[in-house]
Amino acid sequence: MKTEDRFVPGLEGVIASETGISLLDTEQEKIIIRGYDLIDLSTSKTYADLIYLLLEGTLPSDTERQAAEEKLKVNYEVPAAVMDILKLLPKETNPMDGQRTAISASAGYDKGLDDRTLEANKSRAYDILGQLPAITVNSYRILHNEEPIDPDPALPYSANFLYMITGKKPTELEAEIFDRSLLLYSEHEMPNSTFTSRVIASTHSDMYGALTGAVASLKGNLHGGANEAVMYMLNAANSVDKFEKILWDKLKRKEKIMGFGHRVYMKKMDPRALMMKESLKHLCDLKGDSLLLDMCEAGEKVMAQEKGLYPNLDYYAAPVYWMLGVPIPLYTPIFFSSRTAGLCAHIIEQHVNNRLFRPRVKYTGERYL
Ligand SMILES: CC(=O)SCCNC(=O)CCNC(=O)[C@H](O)C(C)(C)COP(=O)(O)OP(=O)(O)OC[C@H]1O[C@@H](n2cnc3c(N)ncnc32)[C@H](O)[C@@H]1OP(=O)(O)O
Ligand SMILES: O=C([O-])CC(=O)C(=O)O
């Protein structure tokens, strides 16, 4: 077969890597993470457990989880100079770009940057994950002329993250729902951002560079950026009738509706979205206001009838974050922060078992020879 005959636009269905990290098993409708079903894990484990599972390969004992949380906490502090760089950025800077800049700048503070051994990479992953709540929240705060907020090490990792976002100590239920969202976002096989990070890592480039590329990938609204777009749409509607009309009008104009469709879950709802929908129900019941849930369910019906398309995780994560008091421009940076656990596992795996990514092209230009 000639190289150009093997061209698959968007690499749809192409196997790009061997991995022991995760698989979307479309036949059994399971998201398998290191042998476990992500949805089962989301009902019994925490995001800290997932960090451990992704980086160490097994589920932690209680002592191991506590030790992992400690490793994250000792790295809560971000170098002051990195924060100073964020202060120099124009206030119009998107928080994803702030996050990308901070991760990129952090490379210079890693004294062992050239050490890509398994142990050095794992330790680096805990360092970066530890710093991410402060990087994420404070890049947003600095760009909004707010003073940076300090982490509270007395709180568990995700409760502290939510505390830093809202400035209020979360209730147990709020912390649990936020933790579950991080867990569900933590890893998802080979999306564009993971592929990007593996391509970069395959040149023996470092973890910061690979993550920097992945933030840029995740920012786009065909990927992580969709969660923010969903919330802007829900807010613009603010009623079931208007939301339906917005969707119909967009469909008439042949526009894509953010939060629907998926390269892998084509004819089924993303199982993670179902879990987030449960969380939304909880929050709506608690508040005694079901408007967001009613709008989302009406949107689901319109899209199933008109396009045969179903929600992805971003569709239900957006209203959940809204009800938890998270500012919309932080939705995608939060997605990236949680995904960093999976991304680091992929970067490490790529470094351990590497083959340079270097595909070929189907040439459509002229030939003057
Ligand atoms: C957590 C995540 O990152 S999940 C992804 C988040 N992104 C979004 O929600 C953005 C909206 N969704 C989309 O753009 C797409 O569904 C993607 C990019 C996620 C996957 O799409 P692809 O596999 O590339 O499929 P593609 O974009 O080619 O769509 C196939 C068909 O379905 C339609 N379609 C797919 N998604 C949508 C949508 N959200 N709204 C309307 N139509 C859609 C396309 O217009 C196309 O129709 P056509 O064949 O009549 O032209
Ligand atoms: O798998 C994908 O292509 C996108 C996605 O849902 C994710 O990254 O969580």
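Residues numbered from 1 in each chain as written. Chains lettered and ligands numbered in written order. Predicted model: local features only at pLDDT ≥ 70, side-chain atom pairs only at ≥ 80, totals over all residues.

1. Focus: the overall build of the protein chain
Scanning the protein chain for helices and strands turns up 16 helices and three strands. Against the globule reference of 21 Å for 369 residues, the protein chain gives a C-alpha radius of gyration of 21 Å, in line with a compact fold. With respect to the principal axes defined by its C-alpha atoms, the protein chain has extents near 65 × 55 × 45 Å. A buried classification covers 46% of the 369 residues belonging to the protein chain. By sequence separation, contacts in the protein chain at least 24 residues apart represent 75% of the contacts at least 6 residues apart. (Helix = DSSP H or I, 4+ residues; strand = E, 2+ residues; numbered from the N terminus. Rg over C-alpha atoms; globule rule 2.2 N^0.38 Å. Buried ≥ 20, exposed ≤ 12 C-beta atoms within 10 Å, placed from the backbone. Contact = placed C-beta atoms within 7 Å.)

2. Here we look at the packing of helix H2 (residues 47-56) against helix H3 (residues 62-73)
Two elements in contact, H2 and H3, have axes whose closest approach is 10 Å; the angle formed by their N-to-C orientations is 90 degrees. Classed by the angle they form, the pair H2 and H3 counts as roughly perpendicular. Facing Ala48, Asp49, Ile51 and Tyr52 of H2, the residues of H3 in contact are Glu64, Arg65, Ala68 and Glu69. Here the residues of the contact of H2 with H3 are counted per class, giving four nonpolar, no polar and four charged. (Axes fitted to C-alpha atoms, helices over the stretch in contact; angles between N-to-C directions. Parallel < 35°, antiparallel > 145°, perpendicular 65-115°, else oblique. Nonpolar A, V, L, I, M, F, W, Y, C, P; charged D, E, K, R; others polar.)

3. A short note on helix H11 (residues 226-237)
Counted at 1.5 Å a residue, the expected span for H11 with its 12 residues is 16 Å, and the 17 Å between its end C-alpha atoms agrees. Listing the buried residues of H11 in full gives Ala226, Asn227, Glu228, Val230, Met231, Met233 and Leu234. Buried positions along H11 lie against helix H12 (240-252), helix H14 (291-307), helix H15 (313-323) and helix H16 (331-352). Asn238, located one to two residues past H11, shows a positive phi value of around 60 degrees. (Expected span 1.5 Å × (residues − 1).)

4. Describing the site of ligand 1
Around ligand 1 lies a shell of 18 residues, among which Ala226, Phe260, Gly261, Arg263 and Asn312 are the nearest. Among the residues forming the shell around ligand 1, the class breakdown is seven nonpolar, seven polar and four charged. (Near = placed C-beta within 6 Å.)

5. Some points on the pairing of strand E1 (residues 22-25)
Direction of pairing for E1 relative to strand E2 (residues 30-33): antiparallel, over a ladder of four bridges. By the bridge assignment for E2, Asp25 is matched with Lys30. Hairpin connection of E1 to E2: four residues between the antiparallel strands, including Glu29 at a positive phi of 55 degrees. (Pairing = 2+ DSSP bridges.)

6. Here's the deal with the site of ligand 2
In the neighbourhood of ligand 2, the contacting residues comprise His188, Pro191, His262, Arg263, Val264, Asn312 and Leu313. Class assignment for the residues of the shell around ligand 2 results in three nonpolar, three polar and one charged.

7. Side note on the UniProt feature "active site" (unreviewed entry) in the protein chain
UniProt's feature table lists "active site" (unreviewed entry) at His262 and Asp314, given in the numbering used throughout. Separation in sequence by 53 residues is not matched in space for these annotated residues, since their most distant C-alpha atoms are only 10.7 Å apart. Looking at His262, the number of C-beta atoms within 10 Å reads 20, which means it is buried. Not counting residues up to four positions away in its chain, the partners in contact with His262 are Asp270 and Asn312. As for its placement among the helices and strands, Asp314 is situated in helix H15. What makes Asp314 buried here is the crowd of 29 C-beta atoms within 10 Å. Among residues more than four places away in sequence, those in contact with Asp314 are Ala226, Asn227, Val230 and Gly259. (UniProt positions renumbered as here; feature names shortened; annotations may be inferred.)

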